Amino acid sequence: MTTELNTVHNEELPVVDSLITESSTTQDDVARMCAGLILDGQLAVLQHQLHADFLRIPMSFQLPPNYTGLDASKPWLMYWPLHALEILDPDNQTNDILSRIGPSIMACLNELEGAFGGGNGQTAHLAATYASLNTLAISRDEQLWSQIDRERLYKWLMSVKLPDGGFSMHVGGEEDVRAVYCALASAALLNIITPELMEGTAEWISRCQTYEGGIGGAPGNEAHGGYAFCGLAALCILGNPVEMIPKYLDVDSFVHWLSARQYQPEGGFSGRTNKLVDGCYSWWVGGCWSILEGALAWITSKDVLWSKADLQKYILFCCQSPRGGLRDKPGKSSDFYHSCYVLSGLSEVQHRYSFRPKMRDSKAGEWSFMWTSELESPDIVIIDEQNVVGPLNPVHVLPAGVGERMHDFYAALGTLEL
């Protein structure tokens, strides 16, 4: 780092690499941009209306031609902005558009396979199924929920379950921890998790933890913030996180790796070692902290493992686009993906999540709906009423109470005869 960037909170940074490379020069440029935007002692205002207007675009207007590359991601183009809108304003400012999303999502249902594809007539895919079911959860439309053939969808899930305990994203597709998370999260919402669906999966996730301490996409892959969240959240669906996390992960090593993801002076997270900060990791890495702090009593926000206050500064000063929406970093354009996960990260910063088991003998698929939240202490982070966003479920990445309602709907229908 250059000399003028070697102080954070008036303290000397302990390690400065004197070797100048393209990567280190880019890192200095990003750090300098962020340092110039972050004003210590001041709290930036979250531009609620500006971002809300941006997030309504996919459901209110025809998207421009450059979005044709996302033709296989239609469910995501509904889930990302809807989720972001819901936590941006928990007072249901999405009511006027929720009634319109049902036909669009159900058009992505591959009736032959029973799961959802990325668009009309496309093959069933775990990522599209996860995004579709999350969108349907946000719709709160029980008539739409009744149209899901859970038995057929379960059989499709078993068709992408692999002998080693993992899942492939689609029939014949790639195996990674995203697939595991999408499969289990979907099954939990629909109340169709079974022992055969879970067999060997926790052990497979455990093999994804790397020598760095993070979690890679598959055994032997590099640790990555997005995969870290997927692996950790999947364990929280499989069983009681208080027991599952320390059983299947080296928690000390994992915490060490997560701590190294927050950079200064930016305050944001990177997704991998020696990579730049990116606003989306406000959730992918920040969500890991929410789960660990909520499930394991010895990990708290009061420790010097990371700073919620500095992450909030990065989000509010560096990630808000003047044209609306949230972005990766200064100099980048806003988009719906980053808007979703940056705002989810802001929710993580402003709320303290706690795992509250209801019954000791709860079954897999129920554990992920036993999370509560409260506003974070002002000793940890200053929250102004202009900047506060709503809470969420830290495992399913859904507005608080939404996933719980969908799960309860299907639980009331009884167990499937599979």
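In the block above lies the structure referred to throughout.
Here is a short report on the structure shown in this document.

Here we come to the overall build of the protein chain. When its secondary structure is counted, the protein chain shows 19 helices and 6 strands. Computed over its C-alpha atoms, the radius of gyration of the protein chain comes to 21 Å, within 12% of the 22 Å expected for a compact globule of 418 residues. Each of the three principal axes of the protein chain carries a C-alpha extent, and together these read 65 × 45 × 40 Å. Across the 418 residues in the protein chain, those meeting the buried criterion constitute 58%. Pairs at least 24 residues apart make up 70% of the contacts formed inside the protein chain by residues separated by at least 6 positions. Roughly 17400 Å² of accessible area belongs to the protein chain as shown, and the carbon and sulfur atoms make up 52% of that amount. In the protein chain, 28 side chains carry a positive charge and 50 a negative one; their mean positions are 3 Å apart.

Turning next to the nonpolar core. In this structure, Tyr-79, Leu-126, Leu-136, Ile-245, Phe-254 and Tyr-341 are the most contacted members of the largest nonpolar core, which totals 136 residues. The greatest single-element share of this core, amounting to 12 residues, is contributed by helix α9 (residues 177-190). For Leu-136, the residues in contact, after removing those within four places along its chain, are Ile-105, Met-106, Phe-116, Asp-141, Leu-144, Trp-145, Ile-148 and Met-406.

Following the sequence through the fold, Leu-346 ends up in helix α18 (residues 336-350). In this structure the C-alpha to C-alpha distance between Leu-346 and Ile-87, which are 259 residues apart in sequence, comes to 9.6 Å. Discounting residues that sit within four places of it in the chain, Leu-346 has contacts with Leu-46, Gln-312, Ile-315, Leu-316, Asn-387 and Val-389.

On to the pattern of salt bridges. Close approach of charged atoms allows side chains with opposite charge to pair. Counting across every chain of the model gives 12 salt bridges. Ionic pairing is found between Arg-178 and Asp-176, a salt bridge with its closest N-O pair at 2.7 Å. Among the residues examined, Arg-178 registers a relative accessible area of 29% and is labelled partly exposed. Judged by its relative accessible area of 6%, Asp-176 falls in the buried class. Through salt bridges that share partners, Lys-308, Arg-352, Glu-374 and Glu-376 make up one connected network.

Structurally, the position occupied by His-351 is in strand β3 (residues 351-355). His-351 gets classed as buried once you look at its relative accessible area, which sits at 6%. In this structure, the C-alpha to C-alpha distance between His-351 and Ser-373, residues 22 residues apart in sequence, is 6.1 Å. Dropping the residues within four chain positions of it, His-351 is found in contact with Lys-308, Ser-373, Glu-374, Leu-375, Glu-376, Val-389, Gly-390 and Pro-391. A distance of 2.9 Å separates a polar atom in the side chain of His-351 from the backbone oxygen of Ser-347.

This part is about helix α8 (residues 150-159). Of all the residues in α8, the buried ones are Arg-150, Leu-153, Tyr-154, Trp-156 and Leu-157. Along α8, the residues classed as buried sweep out an arc of 160° about the axis, all on the same side. The inward-facing, buried residues of α8 abut α6 (126-139), α9, α10 (195-198) and α19 (402-412). At the N-terminal boundary of α8, the capping side chain belongs to Asp-149, with an oxygen 3.3 Å from the backbone nitrogen of Glu-151.

We now examine unusual backbone geometry. Among all residues save glycine, negative phi is the norm, and among peptide bonds the norm is trans. Of the consecutive residues Gln-264 and Pro-265, the connecting peptide bond is found in the cis state with omega at 10°. Among the structural elements, Pro-265 can be located in the loop between α14 (251-259) and α15 (281-284). The backbone phi angle of Asn-191 is positive, close to 60°, even though this residue is not glycine. Positionally, Asn-191 belongs in the loop between α9 and α10.

Its place among the elements puts Ser-104 in helix α5 (residues 95-106). Residues Ser-104 and Phe-116 lie 12 residues apart in sequence; the distance between their C-alpha atoms is 12 Å.

Relative to the helices and strands, Thr-135 is located in helix α6. Of note is the side chain of Thr-135, whose polar atom sits 2.7 Å from the backbone oxygen of Ala-131. Here Thr-135 is in contact with Pro-75, Met-78, Tyr-79, Leu-82, Ile-101 and Ile-105, once residues within four sequence places are set aside.

Below, the discussion takes up the pairing of β3. For β3, the buried fraction is high: 4 of the 5 residues fall into the buried class. The pairing of β3 with strand β4 (residues 371-375) spans 5 bridges and is classified as antiparallel. Paired with Tyr-353 across the strands is Ser-373, a residue of β4.

The end-to-end C-alpha separation of helix α1 (residues 22-37) is 23 Å, in line with the 22 Å expected for 16 residues at 1.5 Å each. Buried positions along α1 lie against α17 (308-318).

With that settled, consider the packing of α9 against helix α12 (residues 225-238). The description of two helices packed together rests on the angle between their axes and the distance between the axes. One can describe the packing of α9 onto α12 by two numbers: an axis separation of 8 Å at closest approach and a directional angle of 35°. The way α9 lies across α12 gives a crossing that is left-handed. Where α9 abuts α12, its residues Val-177, Arg-178, Val-180, Tyr-181, Leu-184, Ala-185 and Ala-188 lie against Tyr-227, Phe-229, Cys-230, Gly-231, Ala-233, Ala-234, Ile-237 and Leu-238. Considered class by class, the residues forming the contact of α9 with α12 number 13 nonpolar, 1 polar and 1 charged.

This part is about the state of the cysteines. Across all of its chains, the model carries 0 disulfides by this definition. No disulfide involves Cys-34; its sulfur sits 3.8 Å from that of Cys-318, the nearest cysteine. Looking at Cys-34, the relative accessible area reads 0%, which means it is buried.

Each value, and the rule that gives it
Residues numbered from 1 in each chain as written. Predicted model: local features only at pLDDT ≥ 70, side-chain atom pairs only at ≥ 80, totals over all residues. Heavy atoms only, no water. Helix = DSSP H or I, 4+ residues; strand = E, 2+ residues; numbered from the N terminus. Rg over C-alpha atoms; globule rule 2.2 N^0.38 Å. Buried < 20%, exposed > 50% of the residue type's maximum accessible area, 1.4 Å probe, protein only. Contact = heavy atoms within 4.5 Å. Areas by Shrake-Rupley, 256 points an atom, 1.4 Å probe, with all protein chains shown as cover. Lys, Arg positive; Asp, Glu negative; His and termini not counted. Charge placed at Lys NZ, Arg CZ, Asp CG, Glu CD. Core = buried A, V, L, I, M, F, W, Y, C linked by side-chain atoms within 4.5 Å. Salt bridge = Lys/Arg side-chain N within 4 Å of Asp/Glu carboxyl O. Polar contact = N/O pair within 3.5 Å; in protein donor to acceptor, adjacent residues only side chain to side chain. Arc of directions from axis to C-beta. Pairing = 2+ DSSP bridges. Expected span 1.5 Å × (residues − 1). Axes fitted to C-alpha atoms, helices over the stretch in contact; angles between N-to-C directions. Left-handed = near helix turned anticlockwise from the far one by under 90°. Nonpolar A, V, L, I, M, F, W, Y, C, P; charged D, E, K, R; others polar. Disulfide = S-S within 2.5 Å.

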